[in-house]
Structure formats: C-alpha cells, structure tokens
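Below are the chains, spelled out letter by letter.
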Amino acid sequence: MGVSTEGSDMSRVLAVYSEKGGVGKSALSAGLVAAARKRKLGVIAGDLDPRGTFTAELGISAEDAPKFSMNDLLALDPKGETGLAADAFAPASKAWSGVHVIAAERALANRETDNVAVGLEFRLRLGLKGVVEEDMVGILDLPPRAGGKLVTSALVAATDVVIPATLDEDGRIGAAEALSTIKLVKDLGMNPDLRVVGIIPSIVPGGRSTLKDAIGEYLADTYGALYRDDLVIPRHSVRQQTRFACVPITDAPGREAQALTDVYDRILTASGVEA
C-alpha cells in the first residue's frame, strides 16, 4: 500500500476545484479523505476556502481553530525553507483520527489582496515539500473562485486536479472555467506537470432527466475522456447526514454509504493513489 510518485518529486496532492459553488466540492474532498483513511493512508487536508466548510466537517470549529492556520502559512515568507506546512497541522476530530488539517478561517480571504507577500502562490508547494511522505496523500479543497492567489497556490502545490460537476448549468460552467484556470497555471510554467484527473459527475440524482442527460452528453462531447462518467457520485441523503454529524462516510452503514465509499475510492485510484 502506498502513493504513486512516478513522474513527480512528491507524493500525490489532489486539488478539488470548480469555479462554481454548490457542485459538491467540499463533499468530494471529505469523501476522498474518508476513502484514504480507510486505506490506512496518512492524510493532509488543506482548506483554501475562507468559508471553512471542509475544516468544519473534519471537526475543527471556529472556536477551536489552531493559532497557526492556512492563512498564516501563506503569509509566512519561507526564505527557501521547505516543510513548514507541518507547523500548521491541527488534528481532526476523533472521528477523523489520523488526519492532519491545515485549517481555513475567514481571515484567509485577506491573502487574495496581499500585495506584500512576494511569491505567495508558491508557498504552499514549498510548505508541503517533504511533508507528504510515502503512504500519505494531500487533499486540497479550493474556493469556487476564478483564479486568484488562493486557487493558484493550491494548483501550484497539487500534482492532480479533480473537477466535480453537477449535471446542470452551474456544473458545466464551473468545469469549463476551472479548466481555463488550470491551463493558465500550466502555460505560465507555474506547474507544467499538473494533471487533470477528470470532470466527475457530482451529486447526480437517480432516474432519467432531460437536463441531466443533455449536460452529460455535452461534457462527454466537449471534453472526451476527461469526462469521467465511470466515476459518478450519486446523490444520497446519507452524505448530508454524515456531513451534518462531521463523521466520515466510511463510518455510515448501509448500501448508499457503501456506494459512495466505493466511488470515492475509485477516484483516489484514478488520481494515482495506489490501492
């Protein structure tokens, strides 16, 4: 059991990104953390969304947020040092034991307009270097934003990007715009080896729907193999229940929880994380 590092100088760091909100981005991030824990991998969960949804689901509230967070890490000038992300680790709640969280807070939004911190976009990559070890994986939850310093920081630090897309207009737009930002980061040489795992159909309702089917066909026709209709994340109420309770989906009983666990695990594999 381990993490594939072929073609990279670090283990897998997965960024979960869409430029539209409400497409299941934080839910997918938490699902990937749960699946990685089930594989007994160490997990570093980095939250780059100032709303802190991912942080909260991992059991860290605003009241007990660590003194040194993602905001502080991105504001810190490393002066060539690597591995400083370890200083920002906060333990997730008991239900998520073994997960190291780099927590978000509302003040993280200030980094978007930070014109003092030179090279801010490269600080997370430097901070994680040497920290994401063998038998570990990093999961980064990005804000639903068109570029900016927080998004760019995560895309520079990541090895792979997973794009969740609800099969509606928001999902379609969010995926298209995310791919444009990813292309820009690659073309500018900021992270030329960044790999898009795929556009993942997210929170997909059962049954047939004219809009759902039309959006799916559009994504398949437009993006070809990047549209991963083999990795559909179904809409099941158990996911909202575990999210409210701040517990991993892997702890929930029943067929629906197992179906979700299975697809999160397969997304990990598609991202280069070995079973």
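Not measured: the values here are computed from a predicted model.

Conventions adopted
Residues numbered from 1 in each chain as written. Predicted model: local features only at pLDDT ≥ 70, side-chain atom pairs only at ≥ 80, totals over all residues. Heavy atoms only, no water. Helix = DSSP H or I, 4+ residues; strand = E, 2+ residues; numbered from the N terminus. Rg over C-alpha atoms; globule rule 2.2 N^0.38 Å. Buried < 20%, exposed > 50% of the residue type's maximum accessible area, 1.4 Å probe, protein only. Contact = heavy atoms within 4.5 Å. Areas by Shrake-Rupley, 256 points an atom, 1.4 Å probe, with all protein chains shown as cover. Pairing = 2+ DSSP bridges. Axes fitted to C-alpha atoms, helices over the stretch in contact; angles between N-to-C directions. Left-handed = near helix turned anticlockwise from the far one by under 90°. Nonpolar A, V, L, I, M, F, W, Y, C, P; charged D, E, K, R; others polar. 1 Å grid on protein atoms, 1.4 Å probe; cavity = no way out; pocket = protein on both sides within 12 Å on 5 of 7 lines; lining within 4 Å. Points joined across faces, edges and corners; volume = space filled by probe spheres on them. Core = buried A, V, L, I, M, F, W, Y, C linked by side-chain atoms within 4.5 Å. Expected span 1.5 Å × (residues − 1). Salt bridge = Lys/Arg side-chain N within 4 Å of Asp/Glu carboxyl O.

Let's talk about the overall build of the protein chain
- When helices and strands are counted, the protein chain shows nine helices and seven strands.
- Expected size for 275 residues packed as a compact globule is a radius of gyration near 19 Å; at 17 Å, the protein chain falls within 12% of this value.
- Considering only C-alpha atoms, the protein chain reaches an extent of 55 × 40 × 35 Å along its principal axes.
- For the protein chain, the proportion of its 275 residues judged to be buried stands at 52%.
- Residue pairs at least 24 apart in sequence account for 81% of intrachain contacts in the protein chain once pairs closer than 6 positions are excluded.
- Accessible surface, the protein chain as shown: approximately 11800 Å² in total, 51% of it carbon and sulfur.

Digging into the sheet that holds strand 1 (residues 13–16)
- Sheet architecture is open: seven strands sit in the order 3-4-2-5-1-6-7, paired in mixed fashion. This sheet does not close on itself; its edge strands, each paired only once, are strand 3 (90–91) and strand 7 (195–201).
- With six bridges connecting them, strand 2 (residues 42–47) and strand 5 (residues 136–141) associate as parallel partners. Among the inter-strand pairings, Asp 47 is bridged to a residue of strand 5, identified as Asp 141.

What about the packing of helix 5 (residues 148–157) against helix 6 (residues 169–187)?
- The interhelical angle for the contact between helix 5 and helix 6, taken along N-to-C directions, is 60°, at an axis separation of 10 Å. Between helix 5 and helix 6 the crossing geometry is right-handed. Here Val 151, Thr 152, Leu 155 and Val 156 of helix 5 lie close against helix 6, whose contacting residues are Thr 181, Ile 182 and Val 185.
- Among the residues making up the contact of helix 5 with helix 6, the classes are represented as five nonpolar, two polar and no charged.

Comments concerning empty space enclosed by the protein
- A complete count under the given rule lists one cavity of 30 Å³ or more for this structure.
- Estimated volume of the largest cavity: approximately 30 Å³.
- Along its surface, the largest cavity is lined by Leu 73, Leu 76, Pro 78, Glu 81, Leu 84, Arg 123, Leu 126 and Gly 127.
- With three residues, the top contributor of residues to the lining of the largest cavity is helix 4 (residues 123–128).
- Of the residues belonging to the lining of the largest cavity, the class tally is five nonpolar, one polar and two charged.

A closer look at the nonpolar core
- Counting 45 residues, the largest nonpolar core has Leu 124, Leu 128, Leu 155 and Ile 163 as the members making the most contacts within it.
- Considering each element in turn, this core owes the most residues, six residues, to helix 5.
- Those residues in contact with Leu 124 that sit more than four places away from it in its chain are Leu 48, Met 70, Leu 73, Leu 74, Leu 140, Ser 153, Ala 154 and Ala 157.
- In terms of nonpolar packing, the next biggest core, distinct from the first, is built from 39 residues, Leu 14, Ala 36, Ile 60 and Ala 270 among them.

A word on helix 9 (residues 255–270)
- A rise of 1.5 Å per residue sets the reference length of helix 9, with its 16 residues, at 22 Å; its end C-alpha atoms lie 23 Å apart and thus fit the reference within 8%.
- Three or more residues of helix 9 are buried, namely Ala 257, Leu 260, Thr 261, Val 263, Tyr 264, Ile 267, Leu 268 and Ala 270.
- For helix 9, the elements touching its buried residues are strand 1, helix 1 (25–38), strand 6 (160–165), strand 7 and helix 8 (237–245).
- Count one or two residues on from helix 9 and you reach Gly 272, which has phi positive near 95°.

Quick word on the pattern of salt bridges
- Applying the stated criterion to the full structure yields 15 salt bridges.
- Between Asp 141 and Lys 25 there is a salt bridge whose closest N-O contact spans 3.2 Å. Of the two residues, Asp 141 is situated in strand 5 and Lys 25 in helix 1; the sequence distance between them amounts to 116 residues.
- Among the charged side chains, a salt-bridge network with shared partners connects Lys 25, Asp 49, Arg 51 and Asp 141.

With respect to the pairing of strand 1
- Side-chain alternation along strand 1 places Val 13 and Ala 15 on one buried face and Leu 14 and Val 16 on a second face that is also buried.
- Pairing geometry for strand 1 and strand 5, over four bridges, is parallel. Bridge assignment links Val 13 to a residue of strand 5, and that residue is Gly 138.
- Pairing of strand 1 with strand 6, which is carried by three bridges, proceeds in the parallel orientation.

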